[in-house]
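Notes for the structure review
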Amino acid sequence: MPGTLPEPFATWFAAQGWSPRPHQLAMLDAARAGESVLLIAPTGGGKTLAGFLPSLVGLHTTSSERLHTLYVSPLKALATDIARNLMRPVEDMRLPIRIETRTGDTPANRRARQKSIPSQILLTTPESLAVLLSSADAPVFFGGLACVVMDEVHALAGTKRGDQLALGVSRLRRLAPGLRCVGLSATVAHPQAIAAFVGADRTIAVADGAPPTISMMLPDGELSWAGHMGLEAAPQIMARIADAGMTIVFVNTRAQAELMFQALWKINDSTLPIALHHGSLEIEQRRKVEAAMSAGRLRAVVATSSLDLGIDWGGVDQVIQVGAPKGVSRLLQRVGRSNHRMDEASRAILVPANRFEVLECEAAIMGVAARERDGDPPRPGGLDVLAQHILGLACSAPILPDEVYAEVVTAAPYADLPRRDFDDVLAYVEHGGYALAAYDQWRKLFRDSEGRLHVRSARIAAQHRMNIGTIVEAPLLKVRLVAGKSRIGPVLGELEEYFAGLLSPGDTFMFAGRLLKFLRIHEMAVECQEGGSGDPMVPAYEGGRMPLTTNLADGVRALLQIAGRYDVLPERVAEWLQMQRNVSRMPGRNDLLVETFPRDDRWYMVAYCFEGRNAHQTLGMLITKRMERLGMAPLGFVATDYVLGIWSAHQPHDIARLFEEDLLGDDLEAWLADSSMLKRTFRNVAVIAGLIQRNHPGGEKTRKAVTVNSDLIYNVLRQHQPDHILLRATRADAASGLIDAGRIAAMLSRVKGRIVHMVLSRVSPLAVPVLLQIGRESVRSDDNEEALLAEAEAIIAEATDSDTPAWAQQEMALYSAS
Amino acid sequence: MTAAPIHIAGERLMLDPQGGLVWPAAGLLAVSDLHLEKGTAFARRGMLLPPFDTQATLDRLHGLLRRWRPSIVVALGDSFHDREGAERLPAGERERLNQITGNCRFVWVLGNHDPAPPFGVGGESVAEFAAGPFTFRHEAVPNAAPGEIVGHHHPKAMVPTRGTSVSRPCFVSDARRVMMPAFGAYTGGLDVRDPAIARLFPRGGRVFLLGKDRLYSFAMAPGR
């Protein structure tokens, strides 16, 4: 009978003092009807149980000895935690159900047992699913599968891991006809896109619970014009921590986390237990912090997005977000960490780090109140992930290209995949897809007389399985703490290589909440000692910054527009904006305000685009190129999340010409091809597509022999076959991500004919924060490696007598190899 | 393209930004660690790297030959990525290589990757090549007599610049020795701070980073 809970479930619910929620019953109905379904519910809504309930009921009615339900989550820890939570009802009701987890950490003997004696419910990750699908027994193992549950699907859709999952599920549907798919998601801006990703026949949405209580807290002292660390507010943050049980202090970058952690400990007079959590710390260290949180042994954790997702830590009383939230959805995700029950409001405090961020925080608070969500619709699936998937299928059993294509386009991210792209990817997997037919004897797949493709050898398959996955780590150096002469010591975490290049022996840097003295680099490890002195350096990480979402950018722009409502803003900020009105004008909602003014011996141009830092960076490069051609002699530019500032020797004129739509032409191509950004993107693509293998049978010993520098491959490939499928995949990735070309194009077209140029005699109030950034973050228009090297050489030559033979200048030495 | 002069053993040598070393007085060009056919060596093991590396490397060698018109060319070892490398050369590239080795005196110094003379590509093979005050060998010998020109380690240097650091292949030299950067299109590098390189320059030296049109020169601290 629909609408009620069968026994023994009804009794068990009653024993818990629960009554089934409407969406839990609706999920049961959907299962009875054999429908795939997307469940959208806020945190704490009993979402996971709702996802599993139909499977538990089904297995109670009809017991099975085969795998019945597969649960896929983005986090290993989440899979383990859910398994533990599910055990309780299963044991209480004595259901004949075995539950197991399978991740990269599962030992080999347990994996083998899971194959021979399958559990009815298996909890896993997209990567482990891909490995399972690549084995020859996949058709048997998944043949009886009735249901796939995809958890936190909003966090996966639109990412490469999401592409991998969607492709995996497209294969599962084929292996197990009649398979039901269930997606569990937080509230999102594009529910239809997520429903398509899941392949849902219907969507069940649960209304959000009590809206969170979000307030803003400004530092007592001066409100920074341009800083973005927010350290000035440390005393107030400390006071809030002392007043609450357990606090998560979220910050936006790892560098900021290190600094905030230090700032808090400096004033932590009552030595409250405060910990640090970010993605570069050693994984064991992070697990320890998480365990201490769960056990209630901490009062506060300073964290980056490393704590955004994941299991419910419980007992979090408040969330403090330091620095601008960058997006409404992101803010809600973080705020939700302090929420254990959906009928209770979560509490959060925003601490803007500068004046502009006050506007962003206010816009975010208004966005939350208006129940807005942001985020772009998921982009099309990556061709590199497709390459990995195709080889995985062939490793399981011979494949027919027509059949595989028909199957792949049932995965939402690949629904519009042209056959030509598919064939190019397939050719790449077969023999590299090079114009030069050089690898016939080493092709990975061969065709039989019926047109089926077979893997050439078991070795190719073994290699492939070792390299499955779409998370590519940057080349990192371990940070090792050493004592005395010995090289043995604990690993604290990892640093990017470029940062290590900035350190000289004796330099102090801040990492893992400690002050460390750099000793040397030895065998891919940065060796250091406790207790440096002097001004410490703080490692930054590429791509560590989140750009402002379009939605929030619009919110900030709108906030600037609303006359007379500045009373919602703190007085200091309102005054600042009023001054701007008097001296210049406000950026309009649909126009583009560009101010130019002289200062010292230069001209400055500030464009209020509000398109996010990535887009501004690209735009800055394009516009300075054009200014160069028009003879304005641009000298450099700085890009923030809100504005683009350019300075030049001559007065900029004909501003509309500078922002014309044809800007995104050849210049972008030429600049891109050489940029380190594209090389990084290529590296990811090459690793995911299997061109470069991370792991090799034989392990660590031969690692050096099998790694090859992806930059060198990129250079050669670009020169000899610029339209190769991997280069096409690279450009597509970069355009949607770091370059943000789409956002620039949209802006240029929107502001056409609506550029408001204010010629000022001096800097405007709104432009002050940008001017303060100059020198700290500026990018030269020709900011390439050659220019940087020439500058470094000139600076050192100036400081020394460069005619003296080098080996006589030991005091100026750059390198030491002790 | 601007080459940088250095003086060793009373002779003037030119360092070319493309990674070649020229001894003008003798009409000699040296290149090191070409690692030809590295692409096919990886392909054999299941990594189908773009097969254009030999072509790219020979293109660059061609540029050096046109610029300097040497009468002697010395390849400082590891010219092929493995023993069978020369046999895997595509017909076109083999022909090109034969033309090069036929047009001048071409000396293959043997290296650890290619310990036997390469098959069917012309030229002469030696363990070391001595000329005037210089000894051209693949791997440096500690305490060698002044005038040693070596390869093997693929030196690269990381230079701190404004806000970031830049890493490039480089020459390393002191008053006695020049260590050459790897010339092959797919050859990576080892940081000059690594003890394997640093201990060969106990009194410090100078690094010359390869640039588009010129070299960038920096001091290097003494190694231990």
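First, a word on scope: everything that follows refers to the structure included in this document. (Residues numbered from 1 in each chain as written. Chains lettered and ligands numbered in written order. Predicted model: local features only at pLDDT ≥ 70, side-chain atom pairs only at ≥ 80, totals over all residues. Heavy atoms only, no water.)

1. Regarding the layout of surface pockets
Residue and element names in this part refer to chain A. Let me state the cut-off plainly: Space inside and on the surface of the protein is sampled on a 1 Å grid over the protein atoms alone, with a cavity defined as a set of points where a 1.4 Å probe fits but cannot get out and a pocket as an open set with protein on both sides within 12 Å along at least 5 of 7 lines; lining residues have an atom within 4 Å of a point. Grid points are joined across faces, edges and corners, and a volume is the space filled by probe spheres set on the points. Secondary structure follows DSSP: runs of H or I at least 4 residues long count as helices, runs of E at least 2 residues long count as strands, and numbering of each begins at the N terminus. For each domain, the first and last residues come from an automatic or database assignment.
Here the second largest pocket defines a volume of roughly 470 Å³. Lining the second largest pocket are 25 residues, and of these Arg379, Pro380, Gly381, Gly382 and Pro413 sit closest to its centre. Mapped by element, the contributors of at least two residues to the lining of the second largest pocket are helix H10 (191-198) and helix H29 (725-736). A per-element tally of the lining of the second largest pocket places H29 first, with five residues. Here the lining of the second largest pocket spans two domains, since at least three of its residues come from each of domain 1 (9-205) and domain 3 (383-466).

2. Observations concerning the nonpolar core
Residues and elements named next belong to chain A. Stated precisely, the cut-off is as follows: Residues grouped as a nonpolar core are buried Ala, Val, Leu, Ile, Met, Phe, Trp, Tyr and Cys residues, joined through side-chain atoms within 4.5 Å. The rule is simple: take the accessible area with a 1.4 Å probe, protein chains only, and divide by the maximum for that residue type; under 20% is buried, over 50% is exposed, in between is partly exposed. The contact criterion used is simple: two residues touch if any of their non-hydrogen atoms lie within 4.5 Å.
Counting residues in hydrophobic clusters, the biggest one holds 120 residues, and the most contacted among them are Phe142, Leu386 and Phe659. With nine residues, the single largest contributor to this core is helix H16 (residues 383-396). Filtering out sequence-adjacent residues up to four positions away, Phe659 remains in contact with Leu592, Val594, Ala607, Leu619, Ile623, Met747, Leu748 and Ile755. Within the second largest apolar cluster, 59 residues are counted, among which are Met246, Val328, Val358 and Leu760.

3. Quick word on the interface of chain B and chain A
For the record, the criterion: Here's the idea: put two parts together, see how much 1.4 Å probe accessible area each one loses, and the total over both is what we call buried area. A carboxyl oxygen of Asp or Glu within 4 Å of a side-chain nitrogen of Lys or Arg is what we treat as a salt bridge. The term polar contact refers here to a pair of N or O atoms within 3.5 Å; inside protein, the definition further demands a hydrogen-donor-capable atom paired with an acceptor-capable atom, and it admits residues adjacent in sequence only when both atoms are side-chain atoms. All residues other than Ala, Val, Leu, Ile, Met, Phe, Trp, Tyr, Cys, Pro, Asp, Glu, Lys and Arg, Gly among them, are scored as polar; the first ten of these are nonpolar and the last four charged.
With 58 residues of chain B at the interface, the matching set in chain A holds 55 residues. Here chain B meets chain A over a buried area of about 5,300 Å², counting both sides, of which 64% is carbon and sulfur. Two residues, Glu793(A) and Arg214(B), come together in a salt bridge whose shortest N-O distance is 2.2 Å. In this structure, the connection of chain B to chain A is made through 11 residue pairs in polar contact (both at pLDDT 80 or more). Of all elements in the fold, only helix H1 (38-44), helix H2 (53-68), strand E11 (155-161), strand E12 (164-173), helix H5 (195-198), strand E15 (205-210) and strand E16 (215-220) of chain B reach the threshold of two or more residues within the side of chain B that touches chain A. Considered class by class, the residues forming the side of chain B that touches chain A number 28 nonpolar, 15 polar and 15 charged.

4. A word on the pairing of strand E9 (residues 134-137) of chain B
Residue and element names in this part refer to chain B. Rule in force here: The pairing criterion is simple: DSSP has to find at least two bridges between the two strands.
In this structure, strand E8 (residues 128-131) lies alongside E9, joined through four bridges in antiparallel fashion. In the sheet register, Glu128 faces E9, and the bridge partner there is Arg137. Of the strand pairs in this sheet, E9 and strand E10 (residues 148-150) are connected by three bridges, and their pairing is parallel. Across the sheet, residue Phe136 finds its bridge partner in E10, namely Ile149.

5. Concerning empty space enclosed by the protein
Residue and element names in this part refer to chain A. Per the stated rule, a full pass over the model turns up five cavities of 30 Å³ or more. Considering only enclosed or pocket space, the largest cavity measures out at about 200 Å³ in volume. Forming the boundary of the largest cavity are 19 residues, of which Leu391, Lys444, His464, Ala689 and Gly690 lie nearest the centre. Elements with a contribution of two residues or more to the lining of the largest cavity: H16, helix H18 (419-431), helix H19 (458-466) and helix H26 (676-688). When grouped by side-chain class, the residues that make up the lining of the largest cavity number 11 nonpolar, seven polar and one charged. Around the second largest cavity, the lining comprises 13 residues; the ones closest to its centre are Ala130, Gln164, Gln388, His389 and Gly392. Of all the elements in the fold, those that place two or more residues in the lining of the second largest cavity are helix H6 (126-133), helix H9 (160-175) and H16. The residue inventory of the lining of the second largest cavity, partitioned by class, reads six nonpolar, seven polar and no charged. Residue-level mapping places the lining of the second largest cavity at the junction of two domains, with at least three residues from each of domain 1 (9-205) and domain 3 (383-466).

6. Structural notes on the side chain of Asn354(A)
Residue and element names in this part refer to chain A. Mapped onto the fold, Asn354 is located in the loop between strand E13 (347-351) and helix H15 (355-369). A distance of 3.0 Å separates a polar atom in the side chain of Asn354 from the backbone nitrogen of Phe356. In terms of polar contacts, Asn354 uses its side chain to reach the backbone amide nitrogen of Glu357, at 2.8 Å.

7. Things to note about the sheet that holds strand E11 (residues 300-303) of chain A
Residue and element names in this part refer to chain A. Formally: For helices, the axis comes from a line fit to the C-alpha atoms of the stretch in contact; other axes are also lines fit to C-alpha atoms, and the angle between any two N-to-C directions lies between 0 and 180 degrees.
The sheet built from six strands is open, its strands ordered E8-E13-E12-E9-E11-E10 with parallel pairing. Taken across any chain shown, the strands that pair with only one partner, and hence form the sheet edges, are strand E8 (213-216) and strand E10 (274-277). Going from strand to strand, the sheet's axes swing by 20° on average, the running direction of each strand aside. By the bridge criterion, four bridges tie strand E12 (residues 318-322) to E13 in an arrangement that is parallel. Residue pairing in the sheet places Val322 in a bridge with Val351 of E13. Lying on the sheet, helix H11 (residues 234-243) is in contact with strand E9 (247-250), E10, E11, E12 and E13; it crosses E12 at an angle near 170°. Along the sheet face, helix H14 (residues 328-335) touches E8, E9, E12 and E13 and points at about 145° away from the line of E12.

Treat this as a map of the structure, not an account of what it does.
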